[in-house]
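Residue strings, one per chain:
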Amino acid sequence: MTEENKTKEEEVIAKLDTFDELPDAPPKRRIKLSWVGKISVAVVAFWLVICIIGPSIAPYHEMDMEGDDSFLDAYDNFYLGTDYLGRDTLSRIIYGARNTIGISLASTLLAYLMGITLGILAAVKGGWIDMGISRVNDAILALPTIMLGLIVIAALGSSIAILVGTAAVIYATSVFRIARALGQDIMVQDFVEAAKARGEGVWWIIRAEVLPNAAMPLATDFGLRLVFVVLFISSLSFLGLGVQPPASDWGSMVRENLQGLTYGSYAAIWPAFAIATFTIAINLIVDDISAKSGGSLAKKMV
Amino acid sequence: MMTQMVLRRIAIGFATLIVVSIIVFLATSILPGDVAQIILGQSATPETLAALRAELGMDQPGYVRYFSWLGNMAVGDLGISKAGGATIASLIGGRMGNTMVMAGLVALISIPISIALGLWAAMHPGTWLDRVVTFGTMCTISVPEFFIATILVLILAVELHWLPSTAYLTGNESFTELLRALAMPLLTLVIVVSAQMIRMTRAGILNVMSSPYIEMAILKGVPRRRIILRHAFFNAIGPIVNVIALNLAYLVSGVVIVETIFAYPGLAKLMIDGVQTRDLPLVQACAMIFCGTYVLLILLADVASILSNPRLRQPK
Amino acid sequence: MEKEKLFEIKDLRISAYNEQKEEIRIVKGVTFDIHKGEVVALIGESGSGKTTISLGSLAYTKPGLHFTGGEVLLHGQDVLSMSPIEQRELRGARVAYLAQSAAATFNPAITIGEQVTESAVLHGVLTQEEATKRAVELYHALELPDADRIGFRYPHQVSGGQLQRLMAAMALCGNPDLMVLDEPTTALDVTTQIEVLKAFKKVIREENSAAIYVTHDLAVVAQVADHIVVLYGGEIMEQGSADQIINHPTHAYTKRLMAAVRPTPTAGMGTAVGSEHDRKVPAIEVKDMTAGYGGIVDNEPKVPILRDVSVKVENAHVVGVIGESGCGKSTLARVMAGLLPQARGDVLLDGNDLEGSLHDRNLEELQKIQFVFQMADTALNPKQVIGDIIGRPLEFYHGYKGKEKHAKVVEILDMVELPAEFATRYPMELSGGQKQRINMARSLAANPEVMLCDEVTSALDSIVGANVIKLLTALRDKTGVSFVFISHDLSTVASFADEIVVLYAGRVVEQGPTDEVLTPPFHPYTRLLISSVPEMRIGWLEDTMNKREMAVGIAKGVEITKVGCPFFNRCPMGIDGTCESESPPIRVLNDGHEIACHRTVEELEAAEAETQQILHGYERIGEDKQLPSAG
């Protein structure tokens, strides 16, 4: 055996002795966004900022009928033209961001609060608690969301509180389903079993074992859910059953200005476009985070 | 075992319908406290209130009203519309036909297109066309239906003048007129429904494509076409049928928007009008029809995926 | 004798690229040849690149890997430089692949027959009729039950061992020049493994095909290989004839591998009973215990797993629980830990009755019994650092906090031979063996009396596993903790356990001190287990196989029965009319050695003498007489 081989052999054995085996520790993975993802984050951030400082930067008040006429193209300070009552479209979009995004965000947060609490509870407790909540949940889930919205609004009328509450309850059902499934997956993991065998209480298990492991998947789901809620609220508004005039909201703005389309006015297009930028950006971020190597095997086929 | 499972699903579907009816009934009858007050609003006088209450049967306990309502509905007696006093059955009749025609046409067009495109995208992952399809469908499902409709109106009606921007039917159109009237709402719904179906078909196939038995097929030298069509598709059939049913059910919400935007005289439009005028019996009836269809479609999906599973078809 | 060179791998290099586009070399220049009719074994532990190389011989890499150099020559033609279409024609027709888990690699939606014949028909090697006919011949050759009709079934309708053989039929159907077998018996039970191994060996010989056999198991290699290539970290450490590698290894790594192989279980194994930690009452004991899943009705579980089990674990002893998958060995540990309340019977800790459910046990009882899970990967919360994982039981049971807790964590890390800086790491940053040590450290931190170890070495490479067992023995000696060591591998258990409990279909068929259990008379099932453990000896399979079958009966499926002896349908000594209807009596031999069998000790001894005659011939009977006889 040559000298070189000898040292190599010693190296291998030394490695075995120090590491116990091949060091196969993977490097820590951090979320790295692609440029598409980064742009999307910027878009979402932009709208969130608009929500907060909107009224102070808008050229006009959302209800000011300052324009020369209705359905005008862009001129002077009316960068996006005027709407069917001669109000500044841009200002109404800026004000509307508050309603559309604000109501959606509030509903989604409320839905998460309810969904996660009940979902984790059902997963951890199991038994009849789980059975009971799940059955009711399945029944609500078995209905088209827009139908539920219509039924509730038919009965109660429309106000912001009712919108938030309705959307929250409707979407809490899907959050419940996901939180419960995640919870159940985690609950059967050996590390939870180990905690149970140790004698840990339910709250400790939820706090230290279940929630940290459910956080990331729930965060991505939050994005998707927010998109659904935005679409839901906008659709109701579009039907005239959501945010009530004269307050501005992207969905109702499309409805109000729909007739203008035939005169070639873009007043209905801009708010629709605003919704699209917000929802598409969120979806792109979620896609970027949860991008999987799906189909890598498919590329190997001939 | 399989028959048992199918029967179980049917039983669950039926139970869901019952729960649905309770929800619809509760939401529209008990939640508001005093419906009569709300219906009459400021014009309420004690006399009219009492009269309306008696008319609505509200002097009876809730469960009695529920069962009589359910019983009437089961025999086709949908009640009388508050507005105009026509029977709801007569209001719904023609409208339902219109909606069914639209939904049927959408299904007929979008199912083959979606499965073909979804399969194609799954067979060529990572190619630029796949990326275009993936990105395009993602954008479509991210935006509201009315956005798609508005853009279509802008392009096809306002800019190009190819199609009318409404689909209002008078009842005596010629066939070509009918087609032109229907084109825009159909196109909108096909785009919306197909986007979702393409995405889910593609994902379903790709999900199956990462299984070890697909790798084995590659290692056996099976050509790509055969891998997709024989090895992957048969395992993805359950999920795909599910997707189809779910999306046909999803049509429900699409229909609501599209009928409104194009003024199409369908059931959904009727229901929205009912909601706006707070014609509760009408809303109840429409909601039950929509929800019933939805539950039925989901049930079909469930049964189809049971039937497509060889583990259940061929017990040990 | 110079055979025709069939297949060559020359300086093969395969790499992956990480997100920073840096090259990570997986296979670093590997060269070996295969001649016609030869079986070459690639042996190595996880990360050695053996599977990557074997797939490379089909010009295939897993997604994300790339060929970066070298040649793969079949009949002198480089398959790596072929066009994709040519490569496709090669796969399945000239080079066939057999994967580790047949259960996952058979398509659940297609009949077995179509999958077996698919490749041969697609490549135009055979017509559909010819292929179907050949498949049935292969089913017969592979000794599959119901061979004429098995092709019409779906994969979920046959057992795992049968599927593994069916995959061999799938590979052989197109008459390939070369077969690539990737750990084809690893996922099987030991008694099934030997049947499959025998079938493989037989068809490889009959078909005179060449094969690459990938495995980590040296004893298996000794049975099938002509030539052995030892791999480590993507490089060849040593290669040579099977005889040279097995009997005269030269490389230090090969020697290390050989040293980690557990010796074949024989009489005289097991440490001497009795030590300084001895006490009067057993640390933990179960008495006439029945348990199962799906709820309990009238003291009877809906899905019974264990029936009338009685096991004692003395203080500072290692009790090995052995049995095949599904025999209930993990359930036994779960009942002891209180994770699964028993339906009937008692669990005693230090002679005191324990409640069945862990909710009803007090903190001290919980602390004294600790469970160590099989898979460290799932047993450690990925979101907690090691310091918190080990620190929690310290805090929970013993109230350690802050600096004191940290000092204790370091102390415990030291006990499992890991450095103190591991306390700040996440489980993901550790290797498999290190994680398993942390897994044990967490239980140790509770300062328990009994540690229940469920297959803790099964998922580890042999060298790493051997180190874990060394650690475990040292801990027992140092701390006086009792261990219940659950395993499917008799040689692992026999090498260090003080006592052995043999479980079959939820019942204890034999138990006692290791030495006694491994000494005749045997329960017929113990006999089957012992004779199923492959010996690290070339030619053992041929020597034993046929005789073994005569002596101990063929392996059939395990059935959990309500009455009678569950082993009856596989037992060569079964008494018709008795064994299937009556529970076997427990025959007590010396030193707490118990056998549950209708046959008397004398009958079992006589049967063993006969077995020995068949196995070793008449000339060795004289030696057998020298064995310490029990009775």
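Residues numbered from 1 in each chain as written. Chains lettered and ligands numbered in written order. Predicted model: local features only at pLDDT ≥ 70, side-chain atom pairs only at ≥ 80, totals over all residues. Heavy atoms only, no water.

**Remarks on the overall build of chain B**
Okay, step 1: A count of helices and strands for chain B gives 13 helices and zero strands.
Okay, step 2: Element order for chain B, N to C, with α for helix and β for strand: α-α-α-α-α-α-α-α-α-α-α-α-α.
Okay, step 3: Counting across all 316 residues of chain B, residues that qualify as buried make up 49%.
Okay, step 4: Residue pairs at least 24 apart in sequence account for 70% of intrachain contacts in chain B once pairs closer than 6 positions are excluded.
Okay, step 5: On chain B, roughly 14100 Å² of surface is accessible, and the fraction owed to carbon and sulfur atoms is 68%. (Helix = DSSP H or I, 4+ residues; strand = E, 2+ residues; numbered from the N terminus. Buried < 20%, exposed > 50% of the residue type's maximum accessible area, 1.4 Å probe, protein only. Contact = heavy atoms within 4.5 Å. Areas by Shrake-Rupley, 256 points an atom, 1.4 Å probe, with all protein chains shown as cover.)

**Here we look at the pairing of strand E12 (residues 300-313) of chain C**
Residues and elements named next belong to chain C.
Okay, step 1: Across nine bridges, strand E11 (residues 284-297) lies against E12 in antiparallel orientation. In the strand pairing of E12, Val 297 is matched with Glu 300.
Okay, step 2: Hairpin connection, E11 to E12: the antiparallel pair is bridged by two residues, and Asp 298 has positive phi, about 50 degrees. (Pairing = 2+ DSSP bridges.)

**Focus: the interface of chain C and chain A**
Accessible area lost during the coming together of the parts is what is often quoted as the interface size.
Okay, step 1: With 50 residues of chain C in contact, the opposing surface of chain A contributes 36 residues.
Okay, step 2: Here chain C and chain A share an interface that buries about 3900 Å² over both sides, 56% of which is from carbon and sulfur atoms.
Okay, step 3: A salt bridge links Glu193(A) to Arg334(C), with the nearest nitrogen and oxygen atoms 2.8 Å apart.
Okay, step 4: If you look at where chain C meets chain A, you find nine residue pairs in polar contact (both at pLDDT 80 or more).
Okay, step 5: Elements with a minimum of two residues in the side of chain C that touches chain A: helix H2 (84-90), strand E10 (235-241), helix H10 (252-260), helix H13 (376-379), helix H14 (386-398), helix H16 (432-445) and helix H17 (462-479) of chain C.
Okay, step 6: Tallying contributions element by element places H16(C) first for the side of chain C that touches chain A, with five residues.
Okay, step 7: A class-by-class count of the residues in the side of chain C that touches chain A yields 25 nonpolar, 14 polar and eleven charged. (Buried area = accessible area lost by both parts, 1.4 Å probe. Salt bridge = Lys/Arg side-chain N within 4 Å of Asp/Glu carboxyl O. Polar contact = N/O pair within 3.5 Å; in protein donor to acceptor, adjacent residues only side chain to side chain. Nonpolar A, V, L, I, M, F, W, Y, C, P; charged D, E, K, R; others polar.)

**What about the environment of Ala281(A)?**
Residue and element names in this part refer to chain A.
Okay, step 1: The residue Ala 281 is located in helix H10 (residues 269-289) in this model.
Okay, step 2: Owing to a relative accessible area of 4%, Ala 281 belongs among the buried residues under this scheme.
Okay, step 3: For the pair Ala 281 and Asp 221, spaced 60 residues apart in sequence, the C-alpha to C-alpha distance is 14 Å.
Okay, step 4: Once you skip the residues sitting within four places of it in the chain, Ala 281 turns out to touch Ser 40, Val 43, Val 44 and Ala 276.

**Observations regarding the packing of aromatic side chains**
Aromatic rings considered in pairs are described by the distance between their centres and by the relative angle of their planes.
Okay, step 1: Across all of its chains, the model carries 16 aromatic pairs over all chains by this definition.
Okay, step 2: Here the aromatic rings of Phe46(A) and Trp47(A) are separated by 5.1 Å at their centres, their planes lie at 65 degrees, and the arrangement is edge-to-face.
Okay, step 3: Each ring, one from Trp270(A) and one from Phe273(A), has its centre 6.4 Å from the other, and the planes form 85 degrees; the classification is edge-to-face. Here Phe273(A) and Trp270(A) lie together in helix H10, a separation of three residues that amounts to about one turn.
Okay, step 4: Overall, the relative accessible area of 30% leaves Trp270(A) in the partly exposed class.
Okay, step 5: Relative accessible area serves as the criterion here: at 44%, Phe273(A) is assigned to the partly exposed category.
Okay, step 6: Through a chain of ring-to-ring contacts, three or more aromatic side chains come together here, namely Phe46(A), Trp47(A) and Trp250(A).
Okay, step 7: Lying across the ring of Phe422(C), Arg425(C) places its NZ or CZ 4.4 Å from the centre. (Phe/Tyr/Trp six-rings, centres within 6.5 Å; stacked < 30°, edge-to-face > 60°. Lys NZ or Arg CZ within 6 Å of the ring centre and 35° of its normal.)

**Quick look at the sheet that holds strand E15 (residues 352-354) of chain C**
All names here are of chain C.
Okay, step 1: Pairing in this open sheet of four strands is antiparallel, and the strands run E12-E11-E14-E15 from one edge to the other. Two strands close off the open sheet at either side, each with one partner strand: E12 and E15. When the angles between neighbouring strand axes are averaged without regard to direction, this sheet yields 40 degrees.
Okay, step 2: Sitting on the sheet, helix H11 (residues 329-337) touches E11, E12 and strand E14 (344-349), and the angle it makes with E11 is about 100 degrees. (Axes fitted to C-alpha atoms, helices over the stretch in contact; angles between N-to-C directions.)

**Re the interface of chain A and chain B**
Okay, step 1: Counting from both sides, the interface comprises 51 residues of chain A and, opposite them, 59 residues of chain B.
Okay, step 2: Between chain A and chain B the total buried area reaches about 4400 Å² when both faces are included, carbon and sulfur atoms providing 81% of it.
Okay, step 3: The tally of links from chain A across to chain B stands at zero salt bridges.
Okay, step 4: Of all the secondary-structure elements, those providing two or more residues to the side of chain A that touches chain B are helix H4 (127-141), helix H5 (145-156), helix H8 (202-238), helix H9 (250-257) and H10 of chain A.

**Describing unusual backbone geometry**
All names here are of chain C.
Okay, step 1: Geometrically, the link from Pro 520 to Pro 521 is a cis peptide bond, its omega value of 0 degrees lying close to zero.
Okay, step 2: Tracing the chain through its elements places Pro 521 in the loop between helix H19 (514-517) and helix H20 (524-532).
Okay, step 3: The backbone of Glu 183 sits at a positive phi, close to 45 degrees, despite the residue not being glycine.
Okay, step 4: Relative to the helices and strands, Glu 183 resides in the loop between strand E7 (178-182) and helix H7 (190-207).
Okay, step 5: Phi is positive for Asp 288, close to 45 degrees, though the residue is something other than glycine.
Okay, step 6: The topology assignment puts Asp 288 in strand E11.
Okay, step 7: You can call Asp 288 exposed: its relative accessible area is 51%.

**Some points on the nonpolar core**
Okay, step 1: In terms of nonpolar packing, the biggest core is built from 219 residues, with Leu150(A), Trp250(A), Phe32(C) and Tyr139(C) touching the most fellow members.
Okay, step 2: Looking at this core element by element, the count peaks at 16 residues for helix H10 (residues 224-261) of chain B.
Okay, step 3: When residues of this core are sorted by domain, at least three fall in each of domain 1 (1-94 + 180-261) and domain 2 (108-175) of chain C.
Okay, step 4: Look past the residues within four positions of Phe32(C) in its chain and what remains in contact with it is Phe7(C), Glu8(C), Ile9(C), Val40(C), Leu42(C), Ile53(C), Ile212(C), Val229(C) and Gln239(C). (Core = buried A, V, L, I, M, F, W, Y, C linked by side-chain atoms within 4.5 Å. Domains from an automatic or database assignment.)

**Comments concerning the pattern of salt bridges**
Okay, step 1: By the definition in use, this model includes 40 salt bridges over all chains.
Okay, step 2: Here Arg202(B) makes a salt bridge to Asp130(B), at a shortest N to O gap of 2.8 Å. Within this pair, whereas Arg202(B) is found in helix H8 (residues 175-209), its partner Asp130(B) is found in helix H6 (residues 128-142), the two being separated by 72 residues in sequence.
Okay, step 3: Its relative accessible area of 18% is what places Arg202(B) among the buried residues.
Okay, step 4: The salt bridge partner of Glu300(C) is Arg344(C), with a shortest N-O separation of 2.9 Å. Residue Glu300(C) is found in strand E12, and its partner Arg344(C) is found in strand E14; the two are separated by 44 residues along the sequence.
Okay, step 5: Under the relative-accessibility criterion, Glu300(C) is labelled partly exposed at 22%.
Okay, step 6: A relative accessible area of 27% places Arg344(C) in the partly exposed class.

**Comments concerning the confidence of the model for chain A**
Okay, step 1: Summarising the model, chain A shows a mean pLDDT of 82, and 88% of its residues fall at 70 or more.
Okay, step 2: In the predicted structure, residues 20-28 of chain A sits below a pLDDT of 50 and forms 29 contacts with residues beyond four places in sequence or in another chain. (pLDDT = per-residue confidence, 0-100.)

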